[in-house]
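Below, each chain spelled out in residue letters.
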Amino acid sequence: MYLFPDRLTRFFIRARCQSWSRAKTRRRMVERRRGGKEGPPPRGMRRIGGMAGEPGLGLALRAVTERVQQAAARRPQDLPAVQPRLVAVSKTKPADMVIEAYIHGQRSFGENYVQELLEKASNAKILSSCPEIKWHFIGHLQKHNVNKLITVPNLFMLETVDSVKLADRVNSSWQKKGSPERLKVMVQVNTSGEESKHGLLPADTVATVEHINTKCPSLEFVGLMTIGSFGHDLSQGPNPDFQMLVSLRKELCEKLNMSTDSVELSMGMSMDFQHAIEVGSTNVRIGSTIFGERDYAKKSAVDKAMDMKAKEGMAQEL
Ligand SMILES: Cc1ncc(COP(=O)(O)O)c(C=O)c1O
């Protein structure tokens, strides 16, 4: 005989069913986030540069790599047809994220602070899991930090030489280290003239490069680097900072009899890397678009301000 449930029983049955349905939805969401049987997560749930072990970082890296390649394909023929190098800027990000990016195929990484670079590059897990890693130093280098920088394992390039004195100091430290290879260096130029940016005056570029080429036998000059002004409105034409770096390279090559192909241009960050490549960048430094927002708690006020400005610009491009 069927007994119709009383009101209280009906209430409990309904509550139970609702709770099962909520649990099922939660399980589906977790599966989606892991890229499980229901495929990649829907747009709104994707995170750029998620935690280690989640698919966000790999997807972000792949998307950036594709955008780099597409921008390179749009370059005019007269620019050197080199594949631009992607330097993943891991500043403030944990070693696990570096390893995860490495597992996804990334090899070049950039850091702004000597101490942070030294700690990350010496991290036992990074040393054992990332044998082909190449570290770029992309921050302002003070002379008292040169000896520390020189000890960084797998240091591949110093992108921020901004004076003859600094070049001399790095040269003699590298010489003392007795490495068989010269250290690759770029000369940083302050193309925007902004006080918050480091770098040489554009007019001092040729003399500084000539000094490195003739007086610093332990250094190998490989290119010019700039940060450029943030938030440039592309509807007004190409970014004048990038154009200035391109024309400085031309002047340099003519005056010092160097080939254009031998001088790289490091320009372009999350907000403007596609444009930078289209006008000639061969080395883009990209952080937040790969790894997600940086942890501001660990950063200086100047750095924080630069990041905020960069983000304003990013909104225009995306
Ligand atoms: C010199 C330099 N290049 C590139 C980056 C990466 O910037 P973004 O996170 O906007 O890609 C930074 C970040 O601090 C930087 O200082």
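Quick caveat: nothing in here was measured; it's all calculated off a predicted structure. (Residues numbered from 1 in each chain as written. Predicted model: local features only at pLDDT ≥ 70, side-chain atom pairs only at ≥ 80, totals over all residues. Heavy atoms only, no water.)

1. Quick word on a positive patch on the surface
A contiguous patch of positive charge, built from Lys143, Lys165, Arg169 and Lys176, is present on the exposed surface. For Lys165, the location among the structural elements is in helix 7 (residues 164-177). When its relative accessible area of 61% is taken as the criterion, Lys165 is described as exposed. (Patch = residues over 30% accessible without salt bridge, like charges linked within 9 Å, V, L, I, M, F, W, Y side chains within 5 Å. Areas by Shrake-Rupley, 256 points an atom, 1.4 Å probe, with all protein chains shown as cover. Salt bridge = Lys/Arg side-chain N within 4 Å of Asp/Glu carboxyl O. Lys, Arg positive; Asp, Glu negative; His and termini not counted. Charge placed at Lys NZ, Arg CZ, Asp CG, Glu CD. Helix = DSSP H or I, 4+ residues; strand = E, 2+ residues; numbered from the N terminus. Buried < 20%, exposed > 50% of the residue type's maximum accessible area, 1.4 Å probe, protein only.)

2. Thoughts on the site of the ligand
The local shell around the ligand holds 13 residues, among which Lys91, Asn112, Ser270, Gly287 and Ser288 are the closest. Contact between the ligand and Lys91: an oxygen atom at 2.5 Å from a side-chain N or O atom of the residue. One nitrogen or oxygen atom from the main chain of Ser288 is found 2.8 Å from an oxygen atom belonging to the ligand. Across the complex, the protein chains shield 97% of the 400 Å² of accessible surface that the ligand would expose by itself. Here the residues of the shell around the ligand sort into 6 nonpolar, 4 polar and 3 charged. (Near = heavy atom within 4 Å. Polar contact = N/O pair within 3.5 Å; in protein donor to acceptor, adjacent residues only side chain to side chain. Nonpolar A, V, L, I, M, F, W, Y, C, P; charged D, E, K, R; others polar.)

3. A look at unusual backbone geometry
Notably, Thr92 is not glycine yet its phi reads approximately 70°, a positive angle. Relative to the assigned elements, Thr92 resides in the loop between strand 1 (85-89) and helix 3 (95-103). Look at Thr92 and you get buried, because its relative accessible area is 8%. Although it is not a glycine, Asn154 sits at a positive phi angle of roughly 60°. Mapping Asn154 onto the fold places it in the loop between helix 6 (146-150) and strand 4 (155-161).

4. What to know about the UniProt feature "modified residue: N6-(pyridoxal phosphate)lysine" (unreviewed entry) in the protein chain
If you check UniProt for "modified residue: N6-(pyridoxal phosphate)lysine" (unreviewed entry), the listed places come out as Lys91 in our numbering. Mapped onto the secondary structure, Lys91 falls in the loop between strand 1 and helix 3. Residue Lys91 is classed as buried on the basis of its relative accessible area, which comes to 5%. (UniProt positions renumbered as here; feature names shortened; annotations may be inferred.)

5. A closer look at the confidence of the model for the protein chain
Averaged over the protein chain, the pLDDT score is 84; the fraction of residues at 70 or greater is 75%. Within the model, the stretch residues 310-318 combines pLDDT values under 50 with 19 contacts to residues more than four positions away or in other chains. (pLDDT = per-residue confidence, 0-100. Contact = heavy atoms within 4.5 Å.)

6. Thoughts on the pairing of strand 6 (residues 219-225)
Along strand 6, 6 of the 7 residues are buried, which leaves the element largely enclosed by surrounding structure. Handedness of the crossover joining strand 5 (residues 183-188) and strand 6 through helix 8 (residues 205-215): right-handed. Here strand 6 pairs with strand 7 (residues 264-266) via 3 bridges, running parallel. Paired with Met225 across the bridge in strand 7 is Ser266. (Right-handed = clockwise from strand over helix to strand, strands pointing away. Pairing = 2+ DSSP bridges.)

7. Observations regarding the pairing of strand 5
The buried count for strand 5 comes to 5 of 6 residues, which makes it a mostly enclosed element. When strand 4 meets strand 5, the two strands line up parallel, connected through 3 bridges. Residue pairing in the sheet places Leu158 in a bridge with Val185 of strand 5. With helix 7 bridging strand 4 and the parallel strand 5, this β-α-β connection has right-handed handedness. Relative to strand 6, strand 5 runs parallel, the two sharing 6 bridges. Bridge pairing in strand 6 links Gln188 to Met225.

8. Things to note about the side chain of Thr289
Along the chain, the position of Thr289 falls in helix 11 (residues 288-291). A residue is classified by how much of its surface remains accessible, and Thr289, at 12% relative accessible area, is buried. There is a polar contact of 2.8 Å between the side chain of Thr289 and the side chain of Ser270.

9. A word on helix 3
With 7 of 9 residues buried, helix 3 lies mostly within the body of the structure. By the burial criterion, the buried members of helix 3 are Ala95, Met97, Val98, Ile99, Glu100, Ala101 and Tyr102. On the buried face of helix 3, the contacting elements are helix 2 (56-73), strand 2 (108-111), helix 4 (114-122), helix 5 (124-129), strand 3 (134-137) and helix 11. Of the residues trailing helix 3, Gly105 is marked for its positive phi of about 105°.

10. What about the packing of helix 7 against helix 8?
Put simply, helix 7 and helix 8 touch, their axes get as near as 10 Å, and they point 25° apart. As summarised for this structure, helix 7 and helix 8 are arranged roughly parallel, according to the angle between their axes. At the point where helix 7 passes helix 8, the crossing takes the right-handed sense. Between helix 7, through Val164, Ala167, Asp168 and Asn171, and helix 8, the contact on the second element is made entirely by Thr208, His211, Ile212 and Lys215. (Axes fitted to C-alpha atoms, helices over the stretch in contact; angles between N-to-C directions. Parallel < 35°, antiparallel > 145°, perpendicular 65-115°, else oblique. Left-handed = near helix turned anticlockwise from the far one by under 90°.)

11. Some remarks on the pattern of salt bridges
All chains considered together, the criterion is met by 10 salt bridges. A salt bridge links Lys184 to Glu220, with the shortest nitrogen-to-oxygen separation between them at 3.4 Å. A residue pair is termed long-range when its members are at least 10 positions apart, and Lys184 in strand 5 and Glu220 in strand 6 qualify at 36 residues. Under the relative-accessibility criterion, Lys184 is labelled partly exposed at 22%. Glu220 sits in the partly exposed class, given a relative accessible area of 25%. Of the charged contacts in the structure, one is a salt bridge between Glu194 and Lys197, with a shortest N-O distance of 2.5 Å. A relative accessible area of 7% means that Lys197 is categorised as buried. Put simply, Glu111, Glu116 and Lys120 are held in one network by salt bridges that share partners.

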